[in-house]
Amino acid sequence: MAARAPFGDWRVLEFANGIAAAYCGKMFADAGADVVKIERVQGDSLRGWSAGGPAGALFDYLAAGKRSVVRRDDAEITALLAGADIVVTDLTDGWTLDDITAHTGPAAVVAAVTPFGTTGPYVDDQVLANEFILQALCGSIAGRGWPGDEPVQAGGRLGEWLAGTFAAAVAAATARHASRSGRGEVVDVSTYEAMAIAMGGLSAMSASVLGADSLLHQRSLELPSIVPTADGLVGFCTITAQQFQDFLVMIERADLVDDADLASFAGRAERRDEFLAMVTRWTRARTTAEIVDIAVAFRIPVAPIGTPEMLLKIDHFVERGVFVESAAGFLQPRVPYRSDAMATMPPRRPPRLGADNGGVHWPPRPARPTGADSLPLADIRVADFTAFWAGPVATQLLGALGADVIKVEGVRRPDGLRFAAGRPPTWDRWWEWGPVFLCSNNNKRGVSVELSTDAGRATALDLVAASDLVIENFSPRVMANLGLEWEAVTAANPRAIMVRMPAFGLDGPWRDRVGFAQTMEQATGMAWITGHADGPPVIPRGVCDPIAGLHAAFAAVAALTLRDRDGTGLHVESTMVEAALNVAAELIVEYSRNGIELRRNGNRGSGARPQGLYRCRGDDEWVAIAALDDAARASLARLVGPRDAGPEEADTLVADWAGRRSAAEAVDALRAGGVAAARVTPAAELLADPQLLARGFWETVEHPVAGTFLCTGMPFAFLGRPRRWIRRVPPLYGQHTAEVLKGVLGRDDDDLAALREAGATSARPAGL
């Protein structure tokens, strides 16, 4: 059967004037949907966006393959609304949600992506919040840098890309359901909440679960991370204790393997000058290529630090054909998932402004019988073989939307996040305390199955036979060694969809390399554009995991949509690194088209002048300020000094003004004058944030071991419905083994006893 576009018969109307909603629309266009972009007479602001050269490169990437209708005649817009399956909006064009939903059909899905959502005390400040301000609010900036130094934003407006990906994944799942049930939804997506999960959330999760014992409360940088080499820069990450021990052996300091201080991150931070000196002595004596080869042999996550020029030459990306030529004449990353049975669209031309006025005719969809009022994925069962953060983000979203997610953990190697940044081994059941595990595995049933045993493999294949989706994020060789690749999956269940999430892909020179979010950020250019202008690159820290998971969830829903039509399963590859490259695409697009090499510039930003962090009265208190237009700049000048001051003098005046005030006083005065501002908020304080509390973002979990704590739900709400995404708390290790094996697979007590005897299941991880 020829490959087909999963959303080839879907109609998407996009009201967007920025990255988030536009990227959401792009994801649907890539999957074959007919996307019509509604623009103001002056056009989307991104048409005029420039990174320093000719304007429009980023717009052309985001708008490729879409059609453009300028809003001149509201009758034309209302007719399109009546025929749309999905409407994506950022509510910046003058149309309210009520205006939109008054004209959509009963099965339409409307996804609104706004800075704070449509309700809550911060909503009135929507116009005073760009990406930089949201990063200050969500805990992202507060955690990045060393104590005492000026903290720094993550480059590349990652929060906006993240929110757009969340919107696309939930809209796709909801629209699939609406096409069958006849029931549409209004999805209220908050960029701030998405950023609170993925950019500030690690520390907030830790503070919620562990309280005063949290180790993730201070500003820090990774050790080891990005260091100089003989000819450039290289990045490491050592997530596990074994990786750090191997790292010490690699840099020829095996004498320190038993050093208890260095074994902990806190200990390395205390001795960071000593530690960095020993690392750089070793790295400066070798080329980047030599170091990468050695680290790969040690199975240590490693990457050269991607720059716009370098990315186009990396052998892995070249051999896999990751960068493709757009119809507009520049290079860009391809769609980050692929399948022989699923067609995605090649890059097409962006539309001329208003080129399609009067040319789009979408008759209203015929009315459908209204089906059961269930969650969008209530008909789906997922066999979840994922671990750490990226894969569990994908399956947690599917579970929140109603899927029956069965999380499979090995006896010898459970999910490594169980052991990360939680309680010490002296605690009873200490493996149940990993904060990120606890906040990434809600709505799942947990089973213990040792896949390396014959009985465990047979059990896993029985679970595959009873599932719709199979998702895994091991390195490719692991599933091959276990005999659980696509051939085995489709033999067990011809209707199964298998989504694989390797770090770098199922083929290519980097195929078997280990990679975590930090590695993706180092390899794709995200680190290159993060950090102070006179300092080294800095990783954004972790955001690539959720980004990869959300793209994989979107790909899974696309595959389900195809299977709905023909009943046949699909094999889908959704790689972490290509998802990251898609949201960091501006680096490649601008370099390829205009020769501009974007790079880090501290807390400055081309969308505001001035923009920066300023120290306030108090201990490590900072205010983030972004003057977004001439009116804001005039207001700022009235507060701090002469309007005609040059950039350096103005910066000094703002710093002096802020230094004499508390952060709260500075924020109040600035916002009263129409200047975007926010206190640089420590992530732990998000647990008491008025906006998040008012929106019901934090949900209470009552866990049998970790007790009661606040947990992140989803960064969106279905308007008109109660907001409660966590229906099942994260599973204890092996908690539901008997329930699933009996209730889903039809096993009995004798079967379970035999599996335990064979070491194929266990009530606790091996060796603990």
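See the structure shown above.
Model, not experiment: these values are computed from the prediction.

## Some points on unusual backbone geometry
Looking along the chain, the bond that leaves Leu223 and enters Pro224 is cis, with omega of 0 degrees. Of note, Pro224 is situated in the loop between helix H8 (201-210) and strand S7 (226-228). At the junction of Arg609 and Pro610, the peptide bond is cis and its omega measures out at -5 degrees in the coordinates. For Pro610, the location among the structural elements is in the loop between helix H24 (585-594) and strand S19 (611-615). The phi dihedral of Arg299 falls on the positive side, at around 60 degrees, and the residue is not glycine. With respect to the secondary-structure elements, Arg299 resides in the loop between helix H13 (288-297) and strand S9 (302-304). The class for Arg299 is partly exposed, based on a relative accessible area of 30%. Positioned with a positive phi, Phe388 is a non-glycine residue whose angle comes to about 60 degrees. For Phe388, the position within the fold is in the loop between strand S13 (381-385) and helix H16 (390-400).

## Here's the deal with the sheet that holds strand S17 (residues 497-500)
The pairing of strands in a sheet happens through backbone hydrogen bonds and is either parallel or antiparallel. Read across the sheet, seven strands follow the order S12-S18-S17-S16-S13-S14-S15 without closing on themselves; strand pairing throughout is mixed. Pairing within the sheet leaves two strands with one partner each, and these edge strands are strand S12 (337-338) and strand S15 (444-448). Pairing analysis gives two bridges linking S12 to strand S18 (residues 571-574), with the strands arranged antiparallel. Bridge pairing links Tyr337 to Ser574 in S18. Against the sheet, helix H22 (residues 544-566) makes contact with S12, strand S16 (469-472), S17 and S18, and its axis sits at roughly 160 degrees relative to S17, the strand it touches most.

## Remarks on the packing of helix H1 (residues 19-30) against helix H6 (residues 158-181)
Taken N-terminus to C-terminus, the directions of H1 and H6 make an angle of 45 degrees; their axes are 7 Å apart at the nearest point. With respect to their mutual orientation, H1 and H6 come out oblique. Remark: the crossing between H1 and H6 carries right-handed chirality. Residues Ile19, Ala20, Tyr23, Cys24, Met27 and Phe28 of H1 form the contact with H6, whose own contacting residues are Glu160, Trp161, Ala163, Gly164, Thr165, Ala167, Ala168, Ala171 and Ala172.

How each quantity is defined
Residues numbered from 1 in each chain as written. Predicted model: local features only at pLDDT ≥ 70, side-chain atom pairs only at ≥ 80, totals over all residues. Heavy atoms only, no water. Helix = DSSP H or I, 4+ residues; strand = E, 2+ residues; numbered from the N terminus. Buried < 20%, exposed > 50% of the residue type's maximum accessible area, 1.4 Å probe, protein only. Pairing = 2+ DSSP bridges. Contact = heavy atoms within 4.5 Å. Axes fitted to C-alpha atoms, helices over the stretch in contact; angles between N-to-C directions. Parallel < 35°, antiparallel > 145°, perpendicular 65-115°, else oblique. Left-handed = near helix turned anticlockwise from the far one by under 90°.

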